[in-house]
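A closer look at the structure
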Amino acid sequence: MKYYYSPDTCALAGHIALLEAGFEPELLKVDIMTRTIAQPGDYLAVNPKGYVPLLDIGEGVTLTETVAILDWIAENTPGQAAKSPMERHRRVEMLAFLSSEVQRPFAYSFFLPGDEAVAMLRGMIEERFVLIAGQIRNGFLLGQRSGVEDGLLYVMLRWARMVGMPVPESLILFRDAMEERPAVRRALREEGLA
Ligand SMILES: N[C@@H](CCC(=O)N[C@@H](CS)C(=O)NCC(=O)O)C(=O)O
């Protein structure tokens, strides 16, 4: 199994999820500015979309899109696979919310010129963090144990910290607890972020 990533991007969520699940992926670092990898060079030949993450499951099967990758990891991990169709829909609902309603505006806010547009996007993200904070139960977003969605929220909270965005106290506690998890520590180390 190979996992294409770039440090501290949305790909960190899949990296954490793979380690939490006990997979030992070969990590391939992508330069997302030049769309190159160390070997064999051209990332566009691997992923025509040009962005990370990409999971190469083996036997010619690859997956892109954070939501799909996280869903695959959960469904292929004993104890994480949904026990009912509705449980899976709830996970996809949470992943889609994080991906399209938090990650996407964040990504735009990093690159859009103009303070006004950035402030508007950040205000929107802050409101969404308040909604998410109301969903944390027993320290996790869904269920009684850490799931793939928790890793994606953690990455979003890293980005919030990076830009100095205020977030509810419960999310700061969540982020700090995530940073104590061995899989998170290892993923951060492997991405050169520890
Ligand atoms: N819809 C994709 C978006 C992935 C994405 O935006 N990746 C960023 C890093 S977080 C990236 O590689 N950007 C470089 C580019 O778009 O060229 C997903 O959720 O996986």
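We now turn to the structure provided with this report. Just so it is clear, the model here is predicted, and its values are computed rather than measured. (Residues numbered from 1 in each chain as written. Predicted model: local features only at pLDDT ≥ 70, side-chain atom pairs only at ≥ 80, totals over all residues. Heavy atoms only, no water.)

Here we look at the nonpolar core
Counting 51 residues, the largest nonpolar core has Phe-106, Phe-129, Leu-153 and Leu-171 as the members making the most contacts within it. No fewer than three residues from each of domain 1 (2–77 + 183–190) and domain 2 (85–181) sit in this core. Among residues more than four places away in sequence, those in contact with Phe-129 are Val-102, Phe-106, Leu-153, Met-156, Leu-157, Ala-160, Met-165, Val-167, Pro-168 and Leu-171. (Core = buried A, V, L, I, M, F, W, Y, C linked by side-chain atoms within 4.5 Å. Buried < 20%, exposed > 50% of the residue type's maximum accessible area, 1.4 Å probe, protein only. Domains from an automatic or database assignment. Contact = heavy atoms within 4.5 Å.)

Re the site of the ligand
Surveying the vicinity of the ligand reveals the residues Thr-9, Cys-10, Ile-32, Arg-35, Tyr-51, Val-52, Pro-53, Glu-65, Thr-66, Ser-99, Gln-103 and Arg-104. Taking Glu-65, its side chain carries an N or O atom lying 2.6 Å from a nitrogen atom of the ligand. Between the ligand and Thr-66, the relevant distance is 2.8 Å, taken from an oxygen atom to a side-chain nitrogen or oxygen of the residue. Here the element with the most residues in the shell around the ligand is helix α4 (residues 85–111); it accounts for three residues. Among the residues making up the shell around the ligand, the classes are represented as five nonpolar, four polar and three charged. Per-domain counts for the shell around the ligand show at least three residues from each of domain 1 (2–77 + 183–190) and domain 2 (85–181). (Near = heavy atom within 4 Å. Polar contact = N/O pair within 3.5 Å; in protein donor to acceptor, adjacent residues only side chain to side chain. Helix = DSSP H or I, 4+ residues; strand = E, 2+ residues; numbered from the N terminus. Nonpolar A, V, L, I, M, F, W, Y, C, P; charged D, E, K, R; others polar.)

Overview of the environment of Ala-17
With respect to the element layout, Ala-17 can be found in helix α1 (residues 11–21). Among the residues examined, Ala-17 registers a relative accessible area of 6% and is labelled buried. Sequence-wise, Ala-17 and Leu-27 are ten residues apart; in three dimensions their C-alpha atoms are separated by 13 Å. Every residue in contact with Ala-17, bar those within four places of it in the chain, is listed here: Leu-70, Ile-73 and Val-148.

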